[in-house]
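# Coordinate analysis (summary)
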Amino acid sequence: MNKAFLHNANIISPLGFTTKQNFDAVCDGKIAMQNHTFNGVTYCTAIIENKLLDEVFIQQTKLNPKEFTRLEKMCILSIKDVLNNSDIDVKSKRTLFIFSTTKGNIDLLENTKSEIPEERVYLHKTAEIIAAHFGFTNKPMVVSNACISGLLAIIIAKRLLADNQYDNIIVTGADIVSTFTLSGFNSLGALSSNPCKPFDKSRTGINLGEAAASVLISNQQKEDGVEIVSGSSANDANHISGPSRTGEGLYKCLQKVLVHNTAPDFINAHGTATEFNDEMESIAFNRAGLQNILINSLKGYYGHTLGAAGVLESVFCIEGLRQNKIIASTGFEKQGTSIELNIATKTENKKSITCLKTASGFGGCNAAVLYKMN
Amino acid sequence: MSNYILSYTKIKNNCLWHNDKLVSKIGETDNFLEETYKSLDLAYPKFFKMDALSKLGVLCAEQILTDESIRLLPKEKIAVVLSNKNSSLQTDVAYAKTMRDFPSPSLFVYTLPNIVTGEIAIKHKITGENAFFIEPTFNADLLHNYTELLLQESEAVLCGWLSIDEKTCDGFLYFVGKQTESNQKKINFIKHNPTNITQLYTN
Amino acid sequence: MENLIENLKKQIIEQLNLAEVKPYDIDASAPLFGEGLGLDSIDALELIVLLEKNYGLKIQEPKDAKNIFQSVKTLAEYISSHKK
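Residues numbered from 1 in each chain as written. Chains lettered and ligands numbered in written order. Predicted model: local features only at pLDDT ≥ 70, side-chain atom pairs only at ≥ 80, totals over all residues.

## Re the packing of helix α2 (residues 50-61) of chain A against helix α3 (residues 70-84) of chain A
Axes are the key here: two packed helices are described by the angle between their axes and the distance separating the axes. All names here are of chain A. Where α2 meets α3, the closest approach of the two axes is 10 Å, and the angle between their N-to-C directions is 45°. Relative to α3, the element α2 lies oblique. α2 and α3 meet at a crossing whose hand is left-handed. Of the residues in α3, those touching α2 at L53, V56, F57, Q60 and T61 are R70, K73, M74, I76, L77 and K80. A per-class count over the contact of α2 with α3 returns six nonpolar, two polar and three charged. (Axes fitted to C-alpha atoms, helices over the stretch in contact; angles between N-to-C directions. Helix = DSSP H or I, 4+ residues; strand = E, 2+ residues; numbered from the N terminus. Parallel < 35°, antiparallel > 145°, perpendicular 65-115°, else oblique. Left-handed = near helix turned anticlockwise from the far one by under 90°. Contact = placed C-beta atoms within 7 Å. Nonpolar A, V, L, I, M, F, W, Y, C, P; charged D, E, K, R; others polar.)

Structure, rendered in structure tokens:
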């Protein structure tokens, strides 16, 4: 069975357009969320400035930004950065592009004046537009599985590489902030009006954020390559929008992923900062005996970037392992889950070999991946 | 060891089929999914709260997962791999109509394709692997390929295509597993390969 | 009050898609959540929308919802005492 390694990565977010810019900004404690008004309602949310996005897009691609949606521009920039720094052949039959998103170009439903054809609201169309830009020979694979989409795409990539079906797979996770998602999460009473506070006692909900993140996963070990040791998903079979009270699905993932019962050096959790998600995670981690492992959530910097989150946060896991750095879980002050967790309260240097990444989402889905620096 | 299609269901043209047998046929109606539910006597009132995609999936899954030889499999080893073209677009459009005035939370929670996966999992207590793929058309190669990869660790996979739009309702689910003592006498084994999957879908 | 209670029953059935429930099945004093109608957290949020849409009433504190939504009767009492 072949192995799978993560290599070049990119993040397009309000905090920067490269992995380095993003990692440095977060190490400096920068937070992407601000107050923005959508259709007369003010939300605390993390968005990329349109003007900046278009400027960089024109400069990097020489294309007309009016012919692409915000999401497509973010994805194209993200993949372009990954490809610029690698020598893989996108035209090879052994190269695959996997696109993960929850809502894709959902803003096309809101904006009837858009010059973009309406068919681009179909997720496979969006993926085809992005893939065509780079000339991938294989048609793209599209994964849409709520908030585990990004992490699940990485797990799928690992399985395809292990089975020797491809040499290189580019996984891109992306979602935008829209009136659609803002009003929806607001109707669920799930939004915080201030920057969110994962795992904190006074947490009141999530912020939405937008990002596109990409990573090259290959069957070749190179310098700085981080191995995907194991990955798995599981369903709670409990409720379509409420996390399981026993952390059942996430616990099952942890059992499958931590095969040799060796605890990871640190955990990057889902940590959305809703009352029930963070509580559920504390229960699942405790059931797996991981309550003392250093743990953080990045939602306090980026908000919840939905289908991008699993990829974006995995890029931080890789960088953390490469630079021996554990990022502070910003927003956290006081233990706020029934099981006490060992939350990272300051960004510090710490030699780490392995990192566990988890995610959970609507539909009762959960996923976990174990990364290892070789 | 080979894997087999142990059971399959189809909903098309107001008919529900299970392994080539017509289970339910509803005449001209605007409410085909609910009429079919009633004809099956499911006693699951939550059904009415679901969006059409979830209703379609739950109706298709019911026939397969209540079969005795399948019911006895370990639920944490059953994966659910689904696909369609539209994601949850029909419900997205319905939610978008409410979002400027009174955004509906019960519509919003269905604006993801994999909610149907969750509804099937809840009804049958299935806690295995999940994946939802978006494809322009039914793609037997993709489903076959990923299912075979999952079967290296899972016991069985419920797979298929669930597509809903204003005009059509197209559901096809099939169950892939191994030959066991409890099922070997009962089932007409169909080898799990893309040709057979396509044939079952298009027939 | 009787009229309001009957109207509420119909609106609840419609808004929450309780297709197999008839207004006379709902006991106005019985608990709305837990046993009986089998409502869940999403239904509670949908009832908040119902109050706002049909009666112009906005529940500010989600914690208040628990008391207001105890039964159709408590809901009716809340509406008649808050309606402008």
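The rest of the description comes next.
## Some words on the sheet that holds strand β2 (residues 34-38) of chain A
All names here are of chain A. One open sheet accounts for three strands, arranged β2-β3-β7; its pairing is mixed. Each edge of the open sheet is held by one strand with a lone partner, namely β2 and β7 (208-209). As defined by bridge partners, β2 adjoins strand β3 (residues 41-46) across five bridges and the pair is classed as antiparallel. Looking at β3, one finds that F38 is bridged to V41. (Pairing = 2+ DSSP bridges.)

## Overview of the interface of chain A and chain B
In this complex, chain A contributes 41 residues to the contact, which on the side of chain B involves 38 residues. The element best represented in the side of chain A that touches chain B is helix α6 (residues 179-187) of chain A, accounting for six residues. Taken together, the residues of the side of chain A that touches chain B sort by class into 18 nonpolar, 18 polar and five charged.

## A word on the confidence of the model for chain C
Per-residue confidence for chain C gives a mean pLDDT of 89, with 99% of residues at or over 70. Here the predicted complex carries an ipTM of 0.98, next to a pTM of 0.97. (pLDDT = per-residue confidence, 0-100.)

## A short note on the interface of chain C and chain A
The partner chain A presents five residues to the four residues of chain C that form the contact. With three residues, helix α2 (residues 41-55) of chain C is the largest single contributor of residues to the side of chain C that touches chain A. Of the residues contributing to the side of chain C that touches chain A, the split by class is three nonpolar, one polar and no charged.

## Examining the pairing of strand β1 (residues 4-12) of chain B
Residue and element names in this part refer to chain B. The element β1 is extensively covered by neighbouring structure, given that eight of its nine residues are classed as buried. Taken together, the two bridges between β1 and strand β8 (residues 190-191) define a ladder with antiparallel strand orientation. Counted as the bridge partner of Y4 is K191 from β8. Strand direction decides the pairing type here: β1 and strand β7 (residues 169-177), joined by seven bridges, are antiparallel. The residue of β7 that forms the bridge with I5 is V176. Here β1 runs beside strand β2 (residues 15-18); their pairing, made up of four bridges, is antiparallel. Residue pairing for β2: K10 is matched across the bridge by W17. Counting the residues between successive antiparallel strands, the hairpin from β1 to β2 contains two residues, one of them, N13, with a positive phi of roughly 50°. (Buried ≥ 20, exposed ≤ 12 C-beta atoms within 10 Å, placed from the backbone.)

## Focus: the domain arrangement of chain A
Residue and element names in this part refer to chain A. According to the domain assignment, chain A consists of domain 1 (5-218) and domain 2 (226-373). Centre-to-centre, using C-alpha coordinates, domain 1 lies 20 Å away from domain 2. With 55 residues of domain 1 in contact, the opposing surface of domain 2 contributes 55 residues. Counting residues per element, the side of domain 1 that touches domain 2 draws most heavily on helix α5 (residues 149-162), at seven residues. Looking at the side of domain 1 that touches domain 2, its residues break down into 31 nonpolar, 17 polar and seven charged. (Domains from an automatic or database assignment.)

## With respect to helix α10 (residues 309-323) of chain A
Residue and element names in this part refer to chain A. For α10, spanning 15 residues, the distance from its first C-alpha to its last is 21 Å, which sits close to the expected 21 Å at 1.5 Å a residue. For α10, the buried fraction is high: 13 of the 15 residues fall into the buried class. Looking one or two places after α10, you find N324, whose phi comes out positive at around 50°. (Expected span 1.5 Å × (residues − 1).)

## Quick word on the pairing of strand β6 (residues 156-164) of chain B
Residue and element names in this part refer to chain B. Taking burial as the measure, the nine residues of β6 include nine buried ones, the bulk of the element. Both faces of β6 are covered, namely the face carrying A156, L158, G160, L162 and I164 and the face carrying V157, C159, W161 and S163. Relative to β6, strand β4 (residues 78-84) runs parallel, the two sharing six bridges. Counted as the bridge partner of I78 is A156 from β6. Pairing between β6 and β7: eight bridges, direction antiparallel. Across the sheet, the residue bridging to W161 is F172, located in β7.

## Notes on the environment of A:T61
The topology assignment puts A:T61 in helix α2. Between the C-alpha atom of A:T61 and that of A:K73, which follows or precedes it by twelve residues, the distance is 9.7 Å.

## A short note on the nonpolar core
Residue and element names in this part refer to chain A. With 213 residues, the main nonpolar core has I98, A157 and I217 as its most contacted residues. Both of domain 1 (5-218) and domain 2 (226-373) provide at least three residues apiece to this core. With residues up to four places along the chain from it excluded, the contact list for I98 reads P140, M141, V143, A153, I156, A157, I169 and V171. (Core = buried A, V, L, I, M, F, W, Y, C linked by C-beta atoms within 7 Å.)

## A few points about unusual backbone geometry
All names here are of chain A. A positive phi angle, near 85°, is found at A273, a position not held by glycine. Residue N324 is not a glycine yet carries a positive backbone phi of 50°. As for its placement among the helices and strands, N324 is situated in the loop between α10 and β12 (325-326). By the C-beta count within 10 Å, which is 14 here, N324 ends up partly exposed.

## Side note on the packing of helix α7 (residues 140-150) of chain B against helix α8 (residues 194-202) of chain B
All names here are of chain B. Packing of α7 against α8 brings their axes to within 9 Å, and their N-to-C directions diverge by 130°. Put simply, α7 runs oblique to α8. Crossing angle aside, the handedness with which α7 passes α8 is right-handed. Seen from α7, the contacting residues are A140, D141, L143 and H144; seen from α8, they are P194, I197, T198 and Y201. Per-class residue counts for the contact of α7 with α8 are five nonpolar, two polar and one charged.

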